[in-house]
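Okay, here's what each chain looks like letter by letter:
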Amino acid sequence: MAVVALTGATGFIGRATASTLVAAGHQVRALVRSAEAAGTMRALGAVPVRGDLAQPERLHELVRGADAVVHCAGCVRGASYADFETVNVDGSAHVFGAARQAGCPVLALSSLAARQPELSDYALSKRAMECLLTDADAPTPALVLRPPAVYGPGDREIAPLFEAMGRGVAPIPGRARARLSLLHVQDLAEAITAWVNGGACAAGVYEIHDGHEGGYRWADIVAVAARLRGAPIRRVPVPRLALAATASLNARLARVFGYAPMLTPGKLRELRYPDWVADNRGVSQALDWQPRIGLDRGLQTTCDWAAGAAPAGSANGIQYEQSLRRNLRPSSRVARAVRSRREHDRTIDTAGGRSGSGLGSGHGSAYGVGGSSGHVDSDELPAGRRNDERSGQGDGRGGHRLSLFDKFDPIAKVRGEIEASGIDPLGVPIERVISATEGVIGGRRTILAGTNNYLGLTFDETCVEAAVAAVRQHGTGTTGSRMANGSYDGHMALEAELAAFYGVGHCVVFSTGYQANLGMLAALAGPRDTVMLDADCHASIYDGLKLGGAKTLLFKHNDPADLDKRLGRLGETASQTLVVVEGIYSMLGDTAPLADLVAVVQKHGAAIMVDEAHSMGIVGRYGRGVVEAAGVLDDVDFIVGTFSKSLGAAGGFCVSRHAELDMIRYASRPYIFTASPVPSVIASVRAALVRLRDDRSLRERIWRNAQRLHRGLKREGFVLGAEPGPVVAAIFESRDTALHFWQGLLERGVYVNLMLPPATPGGKCLVRASLSAAHTPEQIDHIIAAFAELGAPRAVSHG
């Protein structure tokens, strides 16, 4: 497996490349500019790194530890050479400089247009990029690929052409006798992957195409489309003068209004050029690669995708989609003719490919690790079509498959792969819970070591009796929000008790721990505010910031120096910034260096919020969390916690020394519009808080158990994610290894959590145990013995 640094990963070609590299077993580190793009990359199984081509420091972070750099980023629209130069030349220079310093070979994606740099500013900028790799200080080896027109699922630039052909008309912008080569995006992605598979040793400048020697005429392309459509398509040449006038006007308007046009005089000269035929001979030898997708099959996969893809900004997307489904899909006659071939030659799902699963809770980081931030837009994951002959045609019973579900195709693919292995970590019900540490799974008595029941209070007699009494006194629910009829005496009392427990004056209780972060940050940090958060923070934190619209910046995980540097760059804004971190991070169980982080926050006059979900009740003399253990309880502005871990119930809270915290009740939509916690939960939490406060033996027992398990697994050769703590995560080198190890533990009577990329930091595969004060030494020894019987994986690297 190689580690590949990839630019342009969220583009049409880059996304296919990322998916194909991941499917080939490589680790992809993808440069992205937004949290949404980071979510897209995680869904494909890649590790996102936030930044852009104008940030050399982020590029150095991207390539650090990489075995190869694939540079797919490029600008294809612009009103002047300067527009193209910024990305295609200056940005490329930054990428190549970072690669050279890291000693990485480079594959740079150019264009066949670079063969004729005099035609357009775009072509000239691509040739200039190629020249950068001939300099004395260029990275070596360096390979340049010059693809012709690239098409396939996900390319929205061609959607208008398909719409027109769906209506039986094919506008021809170029010369009727001109010839051009084509290349399906999946073949290009596989050529790039072949370079990586071959050790990234090939160098030189190579043209590349789909294997059809001599290229195609426009008539050839239209003929294939008509055959797939099952009806004739009329070719309509677009007059040269009309195109020239449109291009000239478009360029002038672009300069006036400041947008990036597609059709310009330069682009028109490219379209009208008579010979865009590429030569494949050199690249096939250099890469040990051959194209697999001809025009018939390529257009079919593109039609399958386009059948559900309305163009961006379309005001009539529904009609557009129906038109494509009706007209571009093959007629029944053509479908019958090609169906038998498809059985042996399945359509490649380029647009929706994903390798890697988001199993586990996922912490939602957008810095380069973690799970989805919780929201997937239709244009984040393009509409990958199913490979079951039902694309866009419902379930075969006359129904209609909603395109809304298309975005989940990558997830469904991975889910299917896992199910095919015979192991289903998401489909394992606990048939009966015997105690805080034991249950029945698959008819077998099983040790529960993956429940976050840190203090073992779910079966505590005092907590259970308090819950039962509350049900009898107050009923099963409140049926209303805290702002309506949902505030009972118990809610008020719990808020006062939590505030007193932390020694602060104010507390707000939420219905879930997730909503505590969501509700606090959505109300506290609005569009005019800046928030700086640790890159490994939980998904609920990211979602709260997204809901509130705050400007969100990230610093490196558990790195006070990086926080200091980034706050320093903000100038006066730093004093108006909220910093958000966690006490103990849920995936690896590592602890934040909170004293150092708070010192940096105070240096810049910022505010800080600490999520103590996995440390409350466990860390600190009185169980107040890392804030107490680090001696910074009085210096933290907001502490968020949950009732679903140490307190053995459900719900969440925020405490603060700021009297203005009470205003959250009137501004937080997740607080205002959610039914309040049920009385039985409030009662059991109040009882658990008393146990936590008064019984130090609970904390002593969980730490003894944590140290016992950590010591035993280290002795057996397992690589663990952090120092001893309530979360003990063993690191595995591959998904399959982790899956079968998890299943092996279950068969030996041990239930733990399986955590896989992209829900994990750094793309690690984890088998994660969460311990309880209720575990006995004998149970801990049984867990160690089960791990030892299966054996530690070999050649696992940590870092």
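Residues numbered from 1 in each chain as written. Predicted model: local features only at pLDDT ≥ 70, side-chain atom pairs only at ≥ 80, totals over all residues. Heavy atoms only, no water.

Visitor: What is the right way to look at the overall build of the protein chain in this model?
Guide: If you tally the helices and strands in the protein chain, you get 28 helices and 27 strands. Taking all 799 residues of the protein chain together, 57% fall into the buried category. (Helix = DSSP H or I, 4+ residues; strand = E, 2+ residues; numbered from the N terminus. Buried < 20%, exposed > 50% of the residue type's maximum accessible area, 1.4 Å probe, protein only.)

Visitor: What should I look at first to understand the pattern of salt bridges in this one?
Guide: Charged atoms that come close allow side chains of opposite charge to pair. Tallied over the full model, the rule gives 27 salt bridges. Here Glu417 and Arg735 are joined by a salt bridge, their closest N and O atoms 2.9 Å apart. Here Arg735 lies in helix H27 (residues 735-747) and Glu417 lies in helix H15 (residues 409-420), a separation of 318 residues in the sequence. Note on Arg735: relative accessible area 19%, which makes it buried. In this structure, a network of salt bridges that share partners links the residues Arg29, Glu61, Arg64 and Lys556. (Salt bridge = Lys/Arg side-chain N within 4 Å of Asp/Glu carboxyl O.)

Visitor: Before we go on, may I ask you to explain the sheet that holds strand E4 (residues 68-71) in this structure?
Guide: Within a sheet, neighbouring strands are paired by backbone hydrogen bonds and run either parallel or antiparallel to one another. An order of E3-E2-E1-E4-E5-E6-E11 is seen for the seven strands of this open sheet, with the pairing classed as parallel. Unpaired on one side and paired on the other, strand E3 (47-50) and strand E11 (204-207) mark the two borders of the sheet. Taking the axes of each pair of neighbouring strands and ignoring which way they run, one obtains an average angle of 20° across the sheet. Where strand E6 (residues 142-146) and E11 come together, four bridges link them in parallel fashion. Bridge assignment links Arg146 to a residue of E11, and that residue is Glu207. Packing against the sheet, helix H7 (residues 185-197) makes contact with strand E1 (3-7), E4, strand E5 (106-109) and E6, and its axis sits at approximately 160° to E4. (Pairing = 2+ DSSP bridges. Axes fitted to C-alpha atoms, helices over the stretch in contact; angles between N-to-C directions. Contact = heavy atoms within 4.5 Å.)

Visitor: How do you make sense of the nonpolar core when you look at a structure like this?
Guide: For soluble globular proteins, the rule of thumb is that nonpolar side chains tend to be buried together. With 54 residues, the main nonpolar core has Leu498, Leu563, Val579, Val581, Leu594, Met616 and Phe653 as its most contacted residues. In this structure, Met616 is in contact with Leu498, Phe501, Tyr502, Gly623, Gly625, Thr642, Ser646, Leu647, Phe653, Leu689 and Leu692, ignoring residues within four places of it in sequence. Core analysis: the second largest hydrophobic core is formed by 40 residues, Ala18, Val22, Ala38 and Trp289 among them. (Core = buried A, V, L, I, M, F, W, Y, C linked by side-chain atoms within 4.5 Å.)

Visitor: Where do I start with the sheet that holds strand E17 (residues 506-510) in this structure?
Guide: The strand order across the open sheet formed by seven strands is E17-E23-E22-E21-E20-E18-E19, and the pairing between neighbours is mixed. Both edges of this open sheet fall to E17 and strand E19 (551-555), since each of them pairs with a single strand only. Pairwise comparison of adjacent strand axes, ignoring direction, gives a mean angle of 20° for this sheet. In this structure, E17 lies alongside strand E23 (residues 652-656), joined through five bridges in antiparallel fashion. Note on E23: the bridge partner recorded for Phe510 is Gly652. Each of strand E18 (530-534), E19, strand E20 (577-582) and strand E21 (607-611) touches helix H19 (residues 539-548); the most contacted strand, E18, lies at about 165° to it. Most of the contacts of helix H21 (residues 594-604) go to E21, to which it runs at about 155°, and overall it touches E19, E20 and E21.

Visitor: Honestly, the side chain of Asp460 in this entry has me stumped. Any pointers?
Guide: Secondary-structure assignment places Asp460 in the loop between strand E16 (444-448) and helix H16 (461-474). Engagement of the side chain of Asp460 in a polar contact is seen with the backbone nitrogen of Thr462, the distance being 3.1 Å. (Polar contact = N/O pair within 3.5 Å; in protein donor to acceptor, adjacent residues only side chain to side chain.)

Visitor: Would you mind going over the pairing of strand E22 (residues 638-642) with me for this structure?
Guide: As a general feature of sheets, a regular strand has side chains that alternate between the two faces. Of all five residues that make up E22, five are buried, and the element is covered over most of its length. Neither face of E22 is left uncovered, since the one carrying Phe638, Val640 and Thr642 and the one carrying Ile639 and Gly641 both have all their residues buried. In the sheet, E21 pairs with E22 via three bridges, with the strands oriented parallel. Note that in E22 the partner of Val610 across the bridge is Ile639.

Visitor: What's the story with the packing of aromatic side chains in this structure? I'm lost.
Guide: Each aromatic ring pair is characterised by the separation of its centres together with the angle its planes make. The tally for this structure, following the rule as stated, stands at ten aromatic pairs. Relative to Phe787, the ring of Phe718 has its centre 5.3 Å away and its plane inclined at 85°; by these criteria the two rings are edge-to-face. Of this pair, Phe718 sits in the loop between helix H26 (697-715) and strand E24 (727-732) while Phe787 sits in helix H28 (residues 777-790), and the two are 69 residues apart along the sequence. Each member of the pair, Phe718 as well as Phe787, carries the same accessibility label: buried. On the numbers, 5.3 Å between centres and 55° between planes, the contact of Phe741 with Phe787 is tilted. Here Phe741, found in helix H27, pairs with Phe787, found in helix H28; they are 46 residues apart in sequence, far enough to count as distant. On the basis of relative accessibility, which here comes to 1%, the residue Phe787 falls in the buried class. Three or more aromatic residues link up through ring pairs in this structure, and these residues are Phe501, Tyr502, Phe643 and Phe653. The positively charged end of Lys267 is found above the aromatic ring belonging to Tyr122, 4.9 Å away from the centroid. (Phe/Tyr/Trp six-rings, centres within 6.5 Å; stacked < 30°, edge-to-face > 60°. Lys NZ or Arg CZ within 6 Å of the ring centre and 35° of its normal.)

Visitor: Sorry, what's going on with the pairing of E19 here?
Guide: Two strands pair when backbone bridges link them, and E18 and E19 are joined in this way by five bridges, in the parallel orientation. Bridged to Leu533 within E19 is Leu554. Handedness of the crossover is the feature at issue here: the chain leaves E18, passes through H19, returns alongside E19, and the resulting connection is right-handed. (Right-handed = clockwise from strand over helix to strand, strands pointing away.)

Visitor: Whenever I open this one, a nonpolar patch on the surface confuses me. Can you help?
Guide: Taken together, Leu402, Leu404, Phe405, Phe408 and Ile411 make up a surface patch of nonpolar side chains, about 480 Å² in accessible area. If you trace the backbone, Phe405 turns up in the loop between helix H14 (332-344) and H15. With relative accessibility at 45%, the residue Phe405 sits in the partly exposed group. (Patch = residues over 30% accessible without salt bridge, like charges linked within 9 Å, V, L, I, M, F, W, Y side chains within 5 Å. Areas by Shrake-Rupley, 256 points an atom, 1.4 Å probe, with all protein chains shown as cover.)

Visitor: What's the story with H16 in this structure? I'm lost.
Guide: Since there are 3.6 residues in each turn of an α-helix, residues three or four apart along the chain are aligned in direction. Across its 14 residues, H16 extends 20 Å between first and last C-alpha, which sits within 8% of the 20 Å expected from 1.5 Å per residue. Residues of H16 that are buried include every one of Cys463, Ala467 and Ala470, and no others. The buried side chains of H16 occupy one side of the element, clustering within an arc of 65° when seen end-on. Along H16, the residues that are exposed and aim more than 90 degrees away from the buried face are Glu461, Arg472 and Gln473. For H16, the side-chain oxygen to backbone nitrogen distance between the N-cap and Thr462 is 3.1 Å, and the N-cap itself is Asp460. (Expected span 1.5 Å × (residues − 1). Arc of directions from axis to C-beta.)

Visitor: Is there a simple way to explain the environment of Ser772 in this structure?
Guide: Inspection of the secondary structure assignment puts Ser772 in the loop between strand E27 (765-770) and H28. Expressed as a C-alpha distance, the spacing of Ser772 and Lys645, which sit 127 residues apart in the sequence, is 9.9 Å. Those residues in contact with Ser772, other than ones at most four positions away along the chain, are Thr437, Asn453, Tyr454, Leu455, Gly456, Ile702 and Asn705. A polar atom in the side chain of Ser772 sits 2.9 Å from the backbone oxygen of Asn453.

Visitor: Can you help me understand the packing of helix H18 (residues 513-524) against H19 in this one?
Guide: Pairs of packed helices are described in terms of their axes, by the angle between the two and the distance that separates them. Relative to each other, H18 and H19 sit at 30°, their axes nearing to 7 Å. When the axis of H18 is compared with that of H19, the two are roughly parallel. The handedness of the crossing between H18 and H19 is right-handed. In this structure, H18 uses Tyr514, Asn517, Leu518, Leu521 and Ala522 to contact H19, whose residues at the interface are Ala539, Ser540, Ile541, Asp543, Gly544, Leu545, Leu547 and Gly548. Its residues assigned to classes, the contact of H18 with H19 comprises eight nonpolar, four polar and one charged. (Parallel < 35°, antiparallel > 145°, perpendicular 65-115°, else oblique. Left-handed = near helix turned anticlockwise from the far one by under 90°. Nonpolar A, V, L, I, M, F, W, Y, C, P; charged D, E, K, R; others polar.)

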